[in-house]
Amino acid sequence: MMRKLGLLVSVALLAGMAFVACDSGDGLTVTLDPDFRLLRMGVPVPERYQPSEGDALMGELRGWGRGAWLPDAARWFVPGGIQALPVRSASVDVEIGLEPSLGNIQGRAVVTLTAEDGDIEQARFYLSADDIDMLQAVDGPEASYSFEAPVLTVTPASPVAQGQSWTFEVRWHDVDVRVVVDDFPERGGAVMANLIDSDVSFFSYGYHYWPRLVGQSRFEGLNFRVTHPDDLTLVMSGEFVGSSDNGDSTLTSEWRMSHTVHGHVGLALGDFDLAEGTCGDAALEVYGLPGVSLDGYPIAVETYVPVLEAMCADYQARFGAVAFDVVRFVGVHEEFNSGYATEGLVLVPNYIWDDDGSGSFIQRDFYLAHELSHQWWGNDVTIDETRDWWLVEGMADYCACSCLERVQGEAAGRWVWQWEVQELLTYYDEGGEDHALVPDESIPMELRIVYIKGAWVLRMLEGVMGTAAMDQLLLELREEHRFAALSTQTLVDKATLIADREMGWFFEQWLYGQGLMNLDEAHEVVGDQVLLTISQQSVWKGTPPEYFQMPVEILLEKKDLSRRHEVEVLQSEEEFPLSMP
């Protein structure tokens, strides 16, 4: 539910190139896939995008040192089924004291566990702390614990019987809080989990600032009371309940989370500027740290409200109203160069909100649309098996590209699809290790396959089914899986039902096969016909060799005349007689 920002390796701009465009000397030009709808080798790098005159939602890509938003998935992600537990966190009440000037945290939590599918003999929690100060039972058997950061193991003196509940209290503290989860110096710098300083404090993935039960996929009934300096604004995931003045230059703010995926709870504390709007039927709040960005441009959060409102309107029209009352975007310390989307909240680096006078620009809009989509796909509809990871992140890339195509026009959409796929093409060009989009075994998954191939598979599915049928598919999947898990097989079955035809040929090669298409052509003019030979240079399965089956659009051009045809490739080499323009 994140997307990483970083540098794109410089490549030559092959502006305006079409794929396999060939003039054999007879004045006829043949172009395969002229609109770049197929996931294949040879999609050219688009030229620098030029917005239409007067378009307030698009600006040029400016040379500011970050030429692209790269996929952000954590390098340490290894798929496998999500652990089934006999124990569930029925409720967690957390109290946090933040001291930004000291860089310290004091924490207290009351945790109630329920024994669902067996007795509770032990429970393990993620918790980032310098030390545990106290842990004792509140209701039920006495508790003992061991702590090896970041895992707290709690053991009842006697097992808690199935169907029963057990409550304990834990207190902890952390000091000098600053955690770097990973570092990508060639792609923009550190991936921060958290940072506390006098300007902004924030917590994201990789820093466990409350006791989160290991293996639980959804949490309900999370309640937070956070005490912080009264001159700073606290923004969190979930619902704001209220705040009280403690009379000592601190406030205590209360927040409630009702549908938190994997217990991910974002938090940001700073002296923010706020701009407000609407996200469809929900409220929209955009927070930024005032001043200038690392590029030297002023922060102007209000300029991004119409950008986000347009995206929200598109998503609501396609997927239904967002599930949360408020959607909040918050700019945090610029060392953080990822996005982090949780229940009703997205954390972004503060430079996202800078204003160079051109308005937004398309790569940034793609990044924002990706993170916004997670309020539908990821924090509402989610997954239970990590082999289905593409349904969250590939879906987010698909949503972002298709949103820009609908909101900003066909030219913008075509540009962003060409731009988005380059990282995957480079990966294959450089001999990157391949795997199926939906693997059958637990393997380290390549993020470019999950994000980018996942997005393009959905795009090609839309091409096969038709846009109206694809919209129906996603709307129904979202309606039927609100705050529930979606599986690849469910999507396959639903798509087959809506398409009203056999679709196994498509899903078998693109979900469970490997690689992507690689096409070539040769042609001969015979009278008023063109004999076109299309050959495939790659297979999706090697034993025995299986070539891709896909519809391919053909553009024939001669002088001022043109004609389009559509053929379906099935084999390594096929000949098609086509009418001349």
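Residues numbered from 1 in each chain as written. Predicted model: local features only at pLDDT ≥ 70, side-chain atom pairs only at ≥ 80, totals over all residues. Heavy atoms only, no water.

Draft legend 1. Examining the sheet that holds strand E8 (residues 151-156) more closely. Across the sheet, which stays open at both edges, the 4 strands sit in the order E7-E8-E5-E13 with antiparallel pairing between neighbours. Strands at the two margins of the open sheet, each flanked by one partner only, are strand E7 (143-148) and strand E13 (212-213). As judged from the 2 bridges shared by strand E5 (residues 123-126) and E13, these two strands associate in the antiparallel manner. Directly across from Phe-125, in E13, lies its bridge partner Leu-213. (Pairing = 2+ DSSP bridges. Helix = DSSP H or I, 4+ residues; strand = E, 2+ residues; numbered from the N terminus.)

Draft legend 2. Representation of the state of the cysteines within the structure. Tallied over the full model, the rule gives 1 disulfide. Cys-399 supplies the cysteine sulfur nearest to Cys-401, a cysteine that is in no disulfide, at a spacing of 9.8 Å. This cysteine, Cys-403, is not joined by any disulfide, and Cys-399 carries the nearest cysteine sulfur, 8.4 Å off. The exposure class assigned to Cys-403 is buried, which follows from its relative accessible area of 0%. (Disulfide = S-S within 2.5 Å. Buried < 20%, exposed > 50% of the residue type's maximum accessible area, 1.4 Å probe, protein only.)

Draft legend 3. Fine view of the packing of aromatic side chains. Evaluated as defined, the whole model comprises 25 aromatic pairs. Between the aromatic rings of Trp-389 and Tyr-451, the centroid separation amounts to 6.2 Å while the plane-to-plane angle is 85 degrees, which identifies the pairing as edge-to-face. One end of the pair, Trp-389, is in the loop between helix H2 (362-373) and helix H3 (390-408); the other, Tyr-451, is in helix H5 (residues 447-465), and 62 residues separate them in sequence. Assessed through its relative accessible area of 8%, Trp-389 is described here as buried. What links up through ring pairs into an aromatic cluster is the set Phe-203, Tyr-207, Tyr-209, Trp-210, Phe-219 and Phe-224. Over the ring of Trp-456 we find Arg-459, and its NZ or CZ is 4.7 Å from the ring centre. (Phe/Tyr/Trp six-rings, centres within 6.5 Å; stacked < 30°, edge-to-face > 60°. Lys NZ or Arg CZ within 6 Å of the ring centre and 35° of its normal.)

Draft legend 4. Geometry of the sheet that holds strand E17 (residues 239-245). Strand order across the open sheet formed by 7 strands is E6-E9-E4-E3-E15-E18-E17, with mixed pairing between neighbours. With one partner strand each, in any of the chains shown, strand E6 (131-139) and E17 form the two edges of the open sheet. Adjacent strand axes in the sheet meet at a mean angle of 15 degrees, parallel and antiparallel pairs treated alike. Note: strand E15 (residues 222-229) against strand E18 (residues 250-257), 8 bridges, orientation antiparallel. Pairing of His-228 across the sheet is with Leu-251, part of E18. (Axes fitted to C-alpha atoms, helices over the stretch in contact; angles between N-to-C directions.)

Draft legend 5. Looking closely at helix H7 (residues 488-499). Over its 12 residues, H7 runs 16 Å from end to end, which matches the ideal 16 Å to within 8%, given 1.5 Å per residue. Every buried residue of H7 is listed here: Thr-488, Leu-491, Val-492, Lys-494, Ala-495 and Ile-498. Buried residues belonging to H7 abut H3, H5, helix H6 (467-480) and helix H8 (504-511). Looking at the residues trailing H7, positive phi occurs at Asp-500, about 60 degrees. (Expected span 1.5 Å × (residues − 1). Contact = heavy atoms within 4.5 Å.)

Draft legend 6. The arrangement of the side chain of His-374 in detail. By the secondary structure assignment, His-374 is in the loop between H2 and H3. A distance of 2.8 Å separates the side chain of His-374 from the backbone oxygen of Trp-377, its partner in a polar contact. (Polar contact = N/O pair within 3.5 Å; in protein donor to acceptor, adjacent residues only side chain to side chain.)

Draft legend 7. Quick look at the packing of H3 against H5. The contact between H3 and H5 brings their axes to 7 Å, and the two run at 70 degrees. As judged from the angle between their axes, H3 and H5 are roughly perpendicular. In terms of crossing hand, the pair formed by H3 and H5 is right-handed. Counting all contacts with H3, which are made through Trp-390, Glu-393, Gly-394, Met-395, Asp-397 and Tyr-398, the residues of H5 involved are Val-450, Tyr-451, Ile-452, Gly-454, Ala-455, Val-457, Leu-458, Arg-459 and Glu-462. Each residue belonging to the contact of H3 with H5 can be placed in one class, and the counts come to 9 nonpolar, 2 polar and 4 charged. (Parallel < 35°, antiparallel > 145°, perpendicular 65-115°, else oblique. Left-handed = near helix turned anticlockwise from the far one by under 90°. Nonpolar A, V, L, I, M, F, W, Y, C, P; charged D, E, K, R; others polar.)

Draft legend 8. Highlighting a negative patch on the surface. A surface patch of like charges, here negative, comprises Asp-230, Asp-231, Asp-245, Asp-248, Asp-271, Asp-273 and Glu-302. Tracing the sequence through the fold places Glu-302 in the loop between strand E22 (282-288) and helix H1 (305-319). (Patch = residues over 30% accessible without salt bridge, like charges linked within 9 Å, V, L, I, M, F, W, Y side chains within 5 Å. Areas by Shrake-Rupley, 256 points an atom, 1.4 Å probe, with all protein chains shown as cover. Salt bridge = Lys/Arg side-chain N within 4 Å of Asp/Glu carboxyl O. Lys, Arg positive; Asp, Glu negative; His and termini not counted. Charge placed at Lys NZ, Arg CZ, Asp CG, Glu CD.)

Draft legend 9. Layout of the pattern of salt bridges. By the definition in use, this model includes 20 salt bridges. The partner of Arg-40 in a salt bridge is Asp-33, with the nearest N and O atoms 2.5 Å apart. What makes Arg-40 buried here is its relative accessible area of 0%. What makes Asp-33 buried here is its relative accessible area of 3%. For Glu-553, the salt bridge goes to Arg-564, with nearest N and O atoms at 2.8 Å.

Draft legend 10. Summary view of the environment of Met-134. Considering the arrangement of structural elements, one finds Met-134 in strand E6. The partly exposed category is assigned to Met-134, whose relative accessible area is 22%. Remark: the alpha-carbon pair of Met-134 and Tyr-145, spanning 11 residues in sequence, is separated by 9.7 Å. With near-sequence residues (within four places) excluded, Met-134 lies in contact with Glu-169, Val-170 and Arg-171.

Draft legend 11. How the structure looks around unusual backbone geometry. The amide bond that connects Ala-149 to the next residue, Pro-150, takes the cis arrangement and shows omega of 5 degrees. At the junction of Thr-543 and Pro-544, the peptide bond is cis and its omega measures out at -10 degrees in the coordinates. Backbone geometry places Ser-249, a non-glycine residue, at a positive phi of 70 degrees. When you line up the elements, Ser-249 lands in the loop between E17 and E18. Unusually for a residue other than glycine, His-262 sits at a positive phi of about 55 degrees. Structurally, the position occupied by His-262 is in the loop between strand E19 (260-261) and strand E20 (267-270).

Draft legend 12. Broad picture of the confidence of the model for the protein. Per-residue confidence for the protein averages 86 on the pLDDT scale, and 85% of its residues sit at or above 70. Note that pLDDT drops below 50 for residues 51-84; the model gives that stretch 120 contacts with residues more than four away or on any other chain. (pLDDT = per-residue confidence, 0-100.)

Draft legend 13. The arrangement of H5 in detail. Counted at 1.5 Å a residue, the expected span for H5 with its 19 residues is 27 Å, and the 26 Å between its end C-alpha atoms agrees. A maximum bend of about 25 degrees is found in H5 at Lys-453. Across the 19 residues that make up H5, a large majority, 18, are buried. At the C-terminal side of H5, Gly-466 shows a positive phi close to 100 degrees. (Bend = angle between axes of the 7 residues up to and from the residue.)

Draft legend 14. Here's a closer look at the packing of H2 against H3. In contact at an axis separation of 8 Å, H2 and H3 are set at 125 degrees when each is read in the N-to-C sense. One way to sum up the angle between H2 and H3 is to call them oblique. Remark: the crossing between H2 and H3 carries right-handed chirality. Together, Ile-362, Asp-365, Phe-366, Ala-369, His-370 and Ser-373 of H2 and Glu-393, Ala-396, Asp-397, Cys-399, Ala-400, Cys-401, Leu-404 and Gln-408 of H3 make up the contact between the two elements. Grouping the amino acids of the contact of H2 with H3 by side-chain chemistry returns 8 nonpolar, 3 polar and 3 charged.

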